[in-house]
Amino acid sequence: MEELDVEPAVTLIPEINSDKKQLCFEWGPGEMLVCETLFGSTEGKEKRPDCPYVYVVRKDLDIYSQTLRKLFNESHGIFVGLQKDEKEKLGKSRTAQLVRVSKNYRSVIRASMEDSHQLAISTQDPAIHMQHSTEVSTLSAMELIWNLCEIMFIEAAPAGSLLRHLLDWVRLHVCDVDNMLCDVLRSESPAKHKNFWDALTILVLQGRMDEARQLLSKEANTNPTSVSMCKILDELMKKMPVLCPSNTQTLTEMELKWQHWHEACERFLKDGTFASNPHMETLCKIMVGDESAILEKKDLMTNWYHFLVTRLLYCHPTVKHVELHLYAQSSMDLFLGAESSPEPLDIILLAAFELDIHQVIKECSIALSNWWFVAHLTDLLDHCNLLQSHNLYFGSNMREYLLLEYASGLFSHHSLWQLAVDYFDHCPEFGRAYLEHHIERIPLDTEHKALKILRICEQRMMTEQVRSICKIMAMKAVRNNRLGSALSWSIRAKDAAFATLISDRFLKEYCERGSFSDLDLIDNLGPSMLLSDRLTFLGKYREFHRMYGEKRFCAAAKLLLTLMTARIAPCSFWMTLLTDALPLLEQKEVIFSAEQTYELMKCLEDVMAAESKNQKLQEDEAETMKVEMLRIGLARNLARAIVKEGTLEES
C-alpha cells in the first residue's frame, strides 16, 4: 500500500468518550454506524447513564447539501452527454467541443455558487449562514482551478493568446475592483475620491487599459496642472500592443511592437515626466514591468497569481506554456515572502502552472471535501487524451478510480443513487462489479422504487440482482398478506419454490373463505403458471371455477378430473376437489361418464386411505358426512352413466 500524504481527519462524536466506553462500528456504503457496546473495563467504571443513541458517521456530507445536490444533478447531464458523443472530432473542432463542455461545467459551478450566496444572505441562522458561506468559498476555489486547467490543459492556447486567457481568468476571479470602480464613478468628483488611484492602479494591473483611460480622463478634467501628464500616460495606455484574436500580426511583429512601446515608457520614466505626480509615476513603473513597484501594490492584487499575470503582462507578454513554471514559483515566493506559507489552493494552482496534471488531481483530492470535482475534471482531461499513460497500482486507471469513488458516495443518498448508475456504466473495468455491489444495498422502501431498480438491473442483464430484488419484495408482500403482489414478484424472480409457497397460501385462503383474492392476476397467469406444479394447479383450478361459472359443465368436469389424476394438487386439497365434483354429479344431465366416475371413486378411496392414518374422518363428523354424500353421488351418477351409455349402444 502507498503511504498517506496526510493523516486522515479525526471525527469527534458528541456525548461519547472512547476512553471510558468501548465502541462498535458497522460500515455501510458511504457511512458508518457507531454505538456503545455492553462490554467495558470493570476497573474504575463510572456509574452514569449510558448513551442511548446510535450515531451515523457519513464520509460525504456534501450530498445532503441542497445546493450541491443541484450541482450533482446538472453536471450529470453534461457528463453523460460527453460520454455519448461518439463523433470524436479531430484537431481544432475537437478542442472547441471539449472547451464548450468545460465551460458548461464551470457555468454549473457558478450557478451553484450564486445559489449558495443567496441562501447565505437570506438566512438568519448563524450556523446555516456559515455552512453556505463555506460552500461559496469552496465552489469559488473549484471554479478558479477548473478555469485555469481549461486554459492550461484543454484549450492549450499558443503564446500571446495564452496571456489574454490568463488576464480574463484574473479579471473573472478578482472582482473587488468593479465594486470599487462603481463607488468612485458614482461620487460627485471621482478624481477626488479616496479610492480613485487604487481603482486606476488595479485596472492597469489587470491590463484593462480602455477603462483605465476613461478613469484617467476624470483626473485631467479635475486637475488642470496634470493635463499634460495625463495626456502622455493616456497615449502610452492607448498604444500598448495587445494580441487580439482577430489580429493577423505574427508573434515576432507583436514582440517588436511591444519592445518599442516598452522603450517609450522607460524613456518617459527616465526623463522624469511623471516625477511631480507619484501616482502616475507608479503607474508608469508598473507598465515598464518594475517588479518592486508591482509588489508595492500587493494589497490591491490580494493573491500571488494576480501578481504573476501582471508580471507576465508587462515583462513577458508572449510567454509560452512550457515557460510558465519559471515565473510561477518565483512569483509565489516573492508575493508571499518568508513569513507566509502557501495554502492548499496555492499548491494546486502552482501545479497547474507547472503543467503537472496528476499533482493537480492529487492535491484537489486531498483539499476538497468530495469527489465531484476531481472525478469530472479527470474524465474531461481523459477525453483530451492527457491521462492515457497513468495507471494506478491496483489495475484501474485514474479516471475510473475517481468516478467509482464519486458514484459510490452518491449511492448512500436516497435519490442521487440514480445518477451513480450512469457513472458506473461508463467505468468499463470495475463499473459493473461496483453497480452489482451497491444496488443490492439500496433500501426497497416502496414498490415504485423497487420497480425502478429492477428496470435498471434488467436493462443490464443483472440476473442475480433481479432475482434478489424480486425475492425481497415477495417476502415483504407475504408479510403484509398481499398474496397477489407476492406471487407477481416471485414469478418475476422465476423462483419456483417461493411461487409454490404462495400458491399454497392462495389455496389455504380459498379453503377458509370459499373464494380467491387477486382474481385478475390468477386469471392472467398465462405461461407463467408453468413455473411450478403448484402454480400450474392454482391457475387450472381457477380456470375450472371460471368454466363452471360459465356453465361449461363438461369441460369443467374434464379439467377437474385431470387435476385429480395428474397428481399435481396437494394431497390436502383432494377432498376439496372431490367436493367441487358434487354439484356436477347432481346435474340433470350426466356429466361424468362411467369411466370418469370410476376414476373419481378411486381418488376418493385414496383420500380415505391417506386420511384414515391420521384418524381424521373418525373425529370429524362433517368430513364423514361429506364422504357419505360423495359416495351416494358417485354411485347415483355411475348408475345413470351406465344406463345412458347402454341406451346409446343399443340404439
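The name given to the protein chain in an unreviewed UniProt entry is Nuclear pore complex protein Nup85, and the organism recorded there is Podarcis lilfordi. Quoted verbatim from the Subunit (unreviewed entry) heading of the UniProt record, the comment on the protein chain is "Component of the nuclear pore complex (NPC)." Per UniProt, the protein chain has the following entry under Function (unreviewed entry): "Functions as a component of the nuclear pore complex (NPC)."

So what's going on with the overall build of the protein chain? Residues and values would help.
Secondary structure summary: the protein chain contains 31 helices and three strands in total. Buried residues in the protein chain amount to 46% of all 651 residues. Sequence-distant contacts in the protein chain: of pairs separated by 6 or more residues, those separated by 24 or more amount to 64%. Surface exposure of the protein chain reaches about 34400 Å², of which carbon and sulfur atoms provide 53%.

Can you tell me about the pattern of salt bridges, naming the residues and giving the values?
A full pass over the atoms with the stated rule returns 21 salt bridges. Aspartate 425 is paired through a salt bridge with arginine 460; the nearest N and O atoms lie 2.6 Å apart. Of this pair, aspartate 425 sits in helix 19 (residues 417-425) while arginine 460 sits in the loop between helix 21 (447-459) and helix 22 (463-479), and the two are 35 residues apart along the sequence. A residue is classified by how much of its surface remains accessible, and arginine 460, at 18% relative accessible area, is buried. Arginine 631 is paired through a salt bridge with glutamate 605; the nearest N and O atoms lie 3.7 Å apart. Of this pair, arginine 631 sits in helix 31 (residues 621-650) while glutamate 605 sits in helix 29 (residues 594-612), and the two are 26 residues apart along the sequence. Here the salt bridges do not stand alone but share partners, grouping Arg106, Arg110, Glu143 and Glu150 into one network.

Describe the nonpolar core, listing the residues and the values that go with them.
One finds Leu166, Trp169, Met287, Trp304, Phe353, Trp372 and Phe373 to be the most contacted residues of the largest nonpolar core, which totals 185 residues. For this core, the element with the most residues is helix 3 (residues 126-155), which contributes eleven residues.

Report on unusual backbone geometry, specifying residues and quantitative values.
Outside of glycine, negative phi angles account for most residues, and trans bonds account for most peptide bonds. Not every positive phi belongs to a glycine, and threonine 302 is a case in point at roughly 70°. Tracing the backbone shows threonine 302 in the loop between helix 12 (298-301) and helix 13 (304-315). Residue class for threonine 302 comes out partly exposed when judged on its relative accessible area of 45%. A positive phi angle, near 55°, is found at methionine 461, a position not held by glycine.

An account of the packing of aromatic side chains is requested, with residue identities and associated values reported.
All chains considered together, the criterion is met by 17 aromatic pairs. Ring centres 5.1 Å apart and planes at 85° place the aromatic pair phenylalanine 196 and tryptophan 197 in the edge-to-face group. For the pair formed by phenylalanine 196 and tryptophan 197, the shared burial category is buried. Members of the aromatic cluster, connected to one another through ring pairs, are Phe72, Phe79, Tyr406 and Tyr423. Taking the ring centre of phenylalanine 335 as reference, the NZ or CZ of lysine 298 above it sits at 5.0 Å.

Give me the lowdown on the packing of helix 26 (residues 533-549) against helix 28 (residues 574-585), citing residues and values where you can.
To describe two helices that pack against each other, one gives the angle between their axes and the distance between the axes. Contact geometry for helix 26 and helix 28: axes closest at 12 Å, N-to-C directions at 15°. Comparing the axis directions of helix 26 and helix 28 gives the class roughly parallel. Crossing hand, helix 26 versus helix 28: left-handed. Taking contact as the criterion, the partners of Phe537, Tyr541, Phe544, His545 and Tyr548 in helix 26 are, on helix 28, Thr576, Leu577, Asp580, Pro583 and Leu584.

Mind laying out helix 10 (residues 278-287), listing which residues take part and the relevant values?
Those residues of helix 10 not exposed but buried are Met280, Thr282, Leu283, Cys284, Ile286 and Met287. The distance from a side-chain oxygen at the start of helix 10 to the backbone nitrogen of histidine 279 is 3.1 Å, and the residue carrying that oxygen is asparagine 277. Directly after helix 10, the chain includes glycine 289, whose backbone phi takes a positive value near 85°.

Break down the environment of tyrosine 305 for me, citing the residues and quoting the values.
Assignment of secondary structure puts tyrosine 305 in helix 13. Residues tyrosine 305 and leucine 166, 139 residues apart in the sequence, show an inter-C-alpha distance of 9.6 Å. Filtering out sequence-adjacent residues up to four positions away, tyrosine 305 remains in contact with Leu144, Trp169, Val170, Leu349 and Phe353.

Give me the lowdown on the environment of proline 583, citing residues and values where you can.
Note on placement: proline 583 falls in helix 28. Take proline 583: its relative accessible area is 33%, and that puts it in the partly exposed class. Through-space distance from the C-alpha of proline 583 to that of phenylalanine 553 is 9.8 Å; in sequence the pair is 30 residues apart.

Which residues make up the environment of phenylalanine 430, and what values do they have?
Mapped onto the elements of the fold, phenylalanine 430 is located in the loop between helix 19 and helix 20 (431-439). The class of phenylalanine 430 is partly exposed, set by a relative accessible area of 29%. Here the alpha-carbon distance between phenylalanine 430 and leucine 404, two residues 26 residues apart in the chain, equals 8.1 Å. Setting aside residues up to four positions removed in sequence, phenylalanine 430 forms contacts with Ser396, Glu400 and Leu404.

So what about the confidence of the model for the protein chain? Which residues, and what values?
The pLDDT averaged across the protein chain works out to 82; a share of 83% of its residues lies at or above 70. Overall, residues 40-48 carries pLDDT values under 50, and its contacts beyond four positions in sequence, including any with other chains, amount to three contacts.

Just give me the short version of the side chain of arginine 311, but keep the residues and values in it.
Along the chain, arginine 311 turns up in helix 13. A distance of 2.7 Å separates a polar atom in the side chain of arginine 311 from a polar atom in the side chain of serine 331. Setting aside its immediate chain neighbours within four residues, arginine 311 contacts Glu291, Ile294, His316, Tyr327, Ser330, Ser331 and Leu334.

Provide a residue-level description of the packing of helix 6 (residues 196-205) against helix 10, including the pertinent values.
Viewed as axis vectors pointing N to C, helix 6 and helix 10 meet at an angle of 10°, and their least axial separation amounts to 10 Å. Between helix 6 and helix 10, the angle falls in the class roughly parallel. Each of Trp197, Leu200, Thr201, Val204 and Leu205 in helix 6 lies in contact with helix 10, whose residues at this interface are His279, Met280, Leu283, Ile286 and Met287. Along the lines of polarity and charge, the residues of the contact of helix 6 with helix 10 split into eight nonpolar, two polar and no charged.

Conventions we followed
Residues numbered from 1 in each chain as written. Predicted model: local features only at pLDDT ≥ 70, side-chain atom pairs only at ≥ 80, totals over all residues. Heavy atoms only, no water. UniProt positions renumbered as here; feature names shortened; annotations may be inferred. Helix = DSSP H or I, 4+ residues; strand = E, 2+ residues; numbered from the N terminus. Buried < 20%, exposed > 50% of the residue type's maximum accessible area, 1.4 Å probe, protein only. Contact = heavy atoms within 4.5 Å. Areas by Shrake-Rupley, 256 points an atom, 1.4 Å probe, with all protein chains shown as cover. Salt bridge = Lys/Arg side-chain N within 4 Å of Asp/Glu carboxyl O. Core = buried A, V, L, I, M, F, W, Y, C linked by side-chain atoms within 4.5 Å. Phe/Tyr/Trp six-rings, centres within 6.5 Å; stacked < 30°, edge-to-face > 60°. Lys NZ or Arg CZ within 6 Å of the ring centre and 35° of its normal. Axes fitted to C-alpha atoms, helices over the stretch in contact; angles between N-to-C directions. Parallel < 35°, antiparallel > 145°, perpendicular 65-115°, else oblique. Left-handed = near helix turned anticlockwise from the far one by under 90°. Polar contact = N/O pair within 3.5 Å; in protein donor to acceptor, adjacent residues only side chain to side chain. pLDDT = per-residue confidence, 0-100. Nonpolar A, V, L, I, M, F, W, Y, C, P; charged D, E, K, R; others polar.

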